[in-house]
2 protein chains.
Amino acid sequence: MKLNNIETNLLDAIANIKDIPEGALNIRKDGQALARSSSSNISITSMSDKPGMVVEVKSDTVNESVHVPVILTQPGFQDKVYNTFIIGERADVNIIAGCGIHNPSHMSSRHDGIHEIIVKKDAKMRYVEKHYGEGNEKGKNVLNPTTVITLEEGAFAELEMVQIQGVDDTVRSTKAYVKANASLKIVERLLTDGTQSAESTINIYIDGKNGSAQIISRSVAQDDSYQGFHASLIGKTECLGHVECDAIIMDNAKIKAVPELWAENSNAVLTHEAAIGKIAGEQLIKLMSLGLTEQEAIDTIINSFLK
Amino acid sequence: MKLNNIETNLLDAIANIKDIPEGALNIRKDGQALARSSSSNISITSMSDKPGMVVEVKSDTVNESVHVPVILTQPGFQDKVYNTFIIGERADVNIIAGCGIHNPSHMSSRHDGIHEIIVKKDAKMRYVEKHYGEGNEKGKNVLNPTTVITLEEGAFAELEMVQIQGVDDTVRSTKAYVKANASLKIVERLLTDGTQSAESTINIYIDGKNGSAQIISRSVAQDDSYQGFHASLIGKTECLGHVECDAIIMDNAKIKAVPELWAENSNAVLTHEAAIGKIAGEQLIKLMSLGLTEQEAIDTIINSFLK
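Starting afresh in each chain, residues are numbered from 1 along the sequence in its written order. Each chain is given a letter, starting from A, and each ligand a number, starting from 1, according to the order in which they appear as written. Local features in this predicted model are restricted to residues whose pLDDT is 70 or higher, and side-chain atom pairs enter the listing and the counts only when it is 80 or higher, whereas totals over whole chains, interfaces and linings include all residues. With hydrogens and water stripped out, all remaining heavy atoms of the structure feed into the side-chain values.

Student: What should I look at first to understand the overall build of chain A in this one?
Tutor: Helix and strand assignments come from DSSP, with helices taken as H or I runs of at least 4 residues and strands as E runs of at least 2, each series counted from the N terminus. Within chain A, the regular secondary structure consists of 3 helices and 21 strands. Against the 2.2 N^0.38 benchmark of 19 Å for 307 residues, chain A shows a C-alpha radius of gyration of 20 Å, consistent with a compact globule. Accessible area is worked out with a 1.4 Å probe on protein chains only. A residue is then buried under 20% of its type maximum, exposed over 50%, and partly exposed in between. Put simply, chain A has 307 residues, and 54% of those count as buried. The protein chains shown are the only cover counted for residues, whose accessible areas, like all others here, come from Shrake-Rupley with a 1.4 Å probe. Total accessible area on chain A is roughly 12,600 Å²; 46% of this is exposed by carbon and sulfur atoms. Averaging the locations of the 30 positively and 41 negatively charged side chains of chain A gives two centres separated by 3 Å. Note on method: radius of gyration uses C-alpha positions; expected globular size equals 2.2 Å times residues raised to 0.38. Asp and Glu are treated as the negative residues and Lys and Arg as the positive ones, with His and the ends of the chain left uncounted. Where a charge lies is defined by one atom per residue type: Lys uses NZ, Arg uses CZ, Asp uses CG and Glu uses CD.

Student: Help me understand the side chain of Thr 84 of chain A, please; the structure alone is not making it clear to me.
Tutor: All names here are of chain A. Looking at where Thr 84 falls in the secondary structure, it is placed in strand S7 (residues 78-87). Exposure remark for Thr 84: the relative accessible area of 12% places this residue in the buried category. Apart from the residues within four sequence positions on either side, Thr 84 is in contact with Met 47, Met 53, Val 54, Val 55 and Glu 116. Here a residue-residue contact requires only that any non-hydrogen atoms of the pair lie within 4.5 Å.

Student: Honestly, the interface of chain B and chain A in this entry has me stumped. Any pointers?
Tutor: In this complex, chain B contributes 30 residues to the contact, which on the side of chain A involves 30 residues. The junction of chain B with chain A conceals about 2,400 Å² of combined surface from both sides, 56% of it contributed by carbon and sulfur atoms. Buried area is a sum: the accessible area each of two parts loses on coming together, probed at 1.4 Å, counted once for each and added. The largest contributions to the chain B side of the interface with chain A come from Trp 262, Ser 266 and Ile 276 of chain B, which together make up 22% of the buried area. Each reported salt bridge corresponds to a side-chain nitrogen of Lys or Arg within 4 Å of a carboxyl oxygen of Asp or Glu. One can count 2 salt bridges joining chain B with chain A. One salt bridge in this structure joins Lys 256 of chain B and Glu 260 of chain A, with 3.5 Å as the shortest N-O distance. Polar contact is the term for a pair of N or O atoms within 3.5 Å; when the atoms are in protein, one must be able to donate a hydrogen and the other to accept it, and sequence-neighboring residues count only if both atoms are side-chain atoms. Taken together, the links from chain B to chain A amount to 13 residue pairs in polar contact (both at pLDDT 80 or more). Among the secondary structure elements, those contributing two or more residues to the side of chain B that touches chain A are strand S20 (254-263) and strand S21 (268-277) of chain B. Gly counts as polar in this scheme, as do all residues outside two lists: the nonpolar Ala, Val, Leu, Ile, Met, Phe, Trp, Tyr, Cys and Pro, and the charged Asp, Glu, Lys and Arg. For the side of chain B that touches chain A, the class distribution of residues is 17 nonpolar, 6 polar and 7 charged. Pairing between strands requires that DSSP locate at least two bridges from one strand to the other. Both strand S21 (residues 268-277) of chain A and S21 of chain B contribute to a ladder of 7 bridges, which runs antiparallel. Within the sheet, the bridge partner assigned to Ile 276 of chain A lies in S21 of chain B and is Leu 270 of chain B.

Student: What am I meant to see in the environment of Ser 173 of chain B here?
Tutor: When you line up the elements, Ser 173 of chain B lands in strand S14 (residues 169-178). The contacts of Ser 173 of chain B, once residues within four sequence positions are left out, are Pro 145, Thr 146, Thr 147 and Thr 201 of chain B.

Student: In this structure, what is going on with the nonpolar core? I would like to understand it.
Tutor: Nonpolar side chains tend toward joint burial in soluble globular proteins. Definition used in this section: a nonpolar core is a set of buried Ala, Val, Leu, Ile, Met, Phe, Trp, Tyr and Cys residues joined via side-chain atoms within 4.5 Å. Counting 106 residues, the largest nonpolar core has Met 125, Leu 184 and Ile 204 of chain A together with Met 125, Leu 184 and Ile 204 of chain B as its most contacted members. Met 125 of chain A has contacts with Ile 87, Val 93, Ile 95, Ile 117, Val 119, Ile 149, Phe 156, Ala 157, Glu 158 and Leu 159 of chain A, leaving out every residue within four places of it along the chain.

Student: Help me out: how do you make sense of the pattern of salt bridges in this one?
Tutor: Charged atoms that come close allow side chains of opposite charge to pair. Residue and element names in this part refer to chain A. Enumeration according to the criterion identifies 26 salt bridges over all chains in this entry. The partner of Asp 60 in a salt bridge is Arg 90, with the nearest N and O atoms 2.7 Å apart. Separated by 30 residues along the polypeptide, Asp 60 in the loop between strand S4 (52-57) and strand S5 (62-67) and Arg 90 in the loop between S7 and strand S8 (92-96) bring together distant segments of the chain. Judged by relative accessible area, Asp 60 falls into the partly exposed class, the value being 43%. The class of Arg 90 is partly exposed, set by a relative accessible area of 41%. One salt bridge connects Asp 112 with Arg 110, and the closest N-O pair in it is separated by 2.8 Å. Salt bridges linked by common partners bring Asp 60, Glu 89 and Arg 90 together as one network.

Student: So what exactly am I meant to see when it comes to the packing of aromatic side chains here?
Tutor: The geometry of an aromatic ring pair is captured by the separation of the ring centres together with the interplanar angle, meaning the angle of the planes. A pair of aromatic rings is counted whenever rings of Phe, Tyr or Trp (Trp by its six-membered ring) have centres within 6.5 Å, and the orientation is called stacked for planes under 30 degrees apart, edge-to-face for over 60 and tilted otherwise. Following the criterion strictly, the structure yields 6 aromatic pairs over all chains and no others. The interplanar angle of 55° and the centroid separation of 5.9 Å between the aromatic rings of Trp 262 of chain A and Tyr 226 of chain B together place this pair among those described as tilted. Of this pair, Trp 262 of chain A sits in strand S20 (residues 254-263) while Tyr 226 of chain B sits in strand S18 (residues 226-235), which puts the two residues in different chains. Here Trp 262 of chain A falls in the buried class, since its relative accessible area comes to 17%. By the criterion adopted, a ring carries a charge over it if an Arg CZ or a Lys NZ lies within 6 Å of its centre and within 35 degrees of its normal. Against the face of Tyr 82 of chain A rests Lys 50 of chain A, its NZ or CZ located 4.6 Å from the ring centre.

See the structure below:
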């Protein structure tokens with residue numbers, strides 16, 4: 001199978017894919033599987049009752065990856081998909097997801113990805129999801145990811161969720177349940193410009209003793225864009241939780257940050273810190289004294305901030 | 001006029017008053033003025049249309065104080081009062097408010113104090129409000145303060161709001177409007193024990209260029225008590241705002257902390273930090289190694305934390 005230019009560009013932007021990769025894979029294009037392959041340890045099967053797939057990683061599978069990117073190229077396409085990921089006990093895998101939209105039209109393209117992730121006892125998972133849109137007409141690119149993740153005893157998961165550019169509207173919802181001795185890290189990095197709007201709500205319930213969770217949010221809002229960030233850490237037992245939220249605000253943008261700590265047990269230790277501000281003048285001057293233009297200096301600071 | 005023992009104890013607890021103090025004064029007892037006096041610069045007059053008073057400080061009044069404590073001694077008394085404070089331009093004064101309830105009954109005693117404070121151009125005000133309840137029967141002591149404060153250009157205000165002990169239920173609401181070059185500091189310190197409940201909501205709108213605001217919240221929740229803290233900083237222009245929230249959680253207590261930063265302008269710099277946790281074991285051990293019992297060590301740590 002050969003990918004066309006548009007497909008290759010989108011897949012490269014969201015998942016660093018230049019060509020169909022080896023191993024377990026599902027590329028969803030405009031609501032259909034463009035390519036699908038299972039490996040001996042990772043099976044990908046269709047949902048029986050609704051659009052979507054079940055990715056099941058066998059116990060003890062280590063050093064394997066699964067690519068599950070989604071692309072939308074048909075103008076005005078509205079896609080909704082339900083995906084379930086089950087990571088077997090003691091497995092250690094990477095999931096590369098992401099969604100790219102190419103929409104050179106006046107109609108809105110939209111992808112709603114509803115993900116359920118279960119990381120079983122003592123398993124480890126790193127999950128990367130990049131969102132990207134392109135198209136120079138008025139059609140909006142809309143991406144609404146919903147993720148519910150459960151970390152069973154001793155499990156570890158790191159979720160990296162990035163909005164690179166070109167997403168006009170996003171409502172992001174992430175819920176996590178952290179059991180005993182499990183550890184969750186969520187890193188969210190969002191860039192908005194123009195009149196884009198991004199709302200992200202993250203709720204983490206630390207249910208199990210010695211569970212821990214960390215949320216790191218980095219956002220840059222430019223032009224007339226808006227970003228809202230709501231993060232709740234609910235500590236129901238002896239546990240550790242931390243929320244960190246840093247935002248760069250520019251031009252006429254607006255940013256709202258609402259972290260919520262909910263200690264329901266006196267052995268819960270919950271902390272957060274946040275800062276919203278513009279790029280520091282000294283940083284700009286320093287870079288400009290090295291020969292960069294003001295715009296180059298701004299870009300450099302933003303890029304390193306969102307890295 | 002002579003104060004009885006109950007009155008003296010309450011006034012001492014909330015306002016350090018051993019006897020009727022000099023200067024402008026209003027002591028409200030069970031809905032009536034027990035004592036009232038104006039000074040040449042500070043007038044206290046009754047509200048014309050509702051229960052309460054207007055405290056008006058003349059421009060350029062400096063180094064003066066006004067005491068306006070409230071006490072409830074009649075079991076089951078329900079008091080609601082509207083007070084307005086107007087601090088004249090360039091004045092520099094202290095206001096000592098506070099409410100103490102003595103309620104040895106099975107009925108609920110309740111005081112709702114609705115305060116409007118206007119700190120005029122370049123004026124300075126320090127406002128201290130202590131809340132205290134006593135009585136060993138089942139009657140609840142309820143204190144619901146509502147404060148709306150406006151800081152005009154270049155004004156400075158510091159509000160210290162403290163709940164010492166014995167307040168079974170409180171719903172606290174504070175709204176502030178900070179104009180150009182004005183500076184507001186709010187310090188709130190709450191202790192709850194037993195089955196007490198405390199909810200505090202603080203909304204600060206920084207409207208004026210170079211306005212600044214700082215909220216410091218310290219809370220200790222013991223036994224089965226609950227504390228909820230909601231603080232919003234809304235930066236509408238070039239301004240500085242900071243929220244700091246530290247809580248010690250003990251026994252079966254629950255604490256919720258929700259600071260909200262709302263940057264509506266790219267020159268707004270808003271930050272917050274929060275931590276909820278129990279008393280550090282090392283701190284206890286250190287104090288106990290100096291000869292304190294565990295309870296004495298706990299009390300020492302809590303007292304210094306709430307200072």
